[in-house]
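Each chain is listed here by its residues.
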Amino acid sequence: MSKVIQKKNHWITKVNDCLVIRGACGVLNVDLCGGAEHGEFAYIGQVREDAVVYQDGKLCEGELLLEVEGLPVSGLPLYDILNVIKFCKDPVRLKTVRQAGSLEFSPGFDMKPA
């Protein structure tokens, strides 16, 4: 008798590819937060929906920034990511993924080294 294998959802299926065009002032109208200098991955902050111009896709606040124009930016400081964006031509391709919930450890799990 064969078993039914349930396919688990992998985060790669939830990757968002978005093309954003700079506004009249030359900005994307999307705040970026975090970065390696803060011990975090870069993520999407406030999205000014009234000002941001999408060519394709859409960004949501809190999504992790994976790539800018195909360049992996995970683990880079925010100032480096902003420099990459600064020298990109319009539209700027951003690849993001929605953050998962926090990890919960069982009460008996000890994080201290043995």
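Higher on the page you've got the structure.
We now turn to the structure provided with this report. (Residues numbered from 1 in each chain as written. Predicted model: local features only at pLDDT ≥ 70, side-chain atom pairs only at ≥ 80, totals over all residues. Heavy atoms only, no water.)

1. Overview of the overall build of the protein chain
Right, on to step 1. Across its full length, the protein chain carries one helix and seven strands.
Right, on to step 2. Secondary structure elements of the protein chain, listed N to C terminal, follow the sequence β-β-β-β-β-β-α-β.
Right, on to step 3. Within the protein chain, buried positions represent 28% of all 114 residues.
Right, on to step 4. When contacts within the protein chain are restricted to residue pairs at least 6 apart in sequence, those whose partners lie at least 24 apart make up 60%. (Helix = DSSP H or I, 4+ residues; strand = E, 2+ residues; numbered from the N terminus. Buried < 20%, exposed > 50% of the residue type's maximum accessible area, 1.4 Å probe, protein only. Contact = heavy atoms within 4.5 Å.)

2. Points about helix α1 (residues 78–86)
One turn of an α-helix holds 3.6 residues; hence residues three or four places apart share an orientation.
Right, on to step 1. Where α1 is concerned, the buried positions are L78, I81 and I85. Buried residues along α1 cover an arc of 60° about the axis, so they all sit on one side. Among the exposed residues of α1, those oriented more than 90 degrees off its buried face are Y79 and K86. (Arc of directions from axis to C-beta.)

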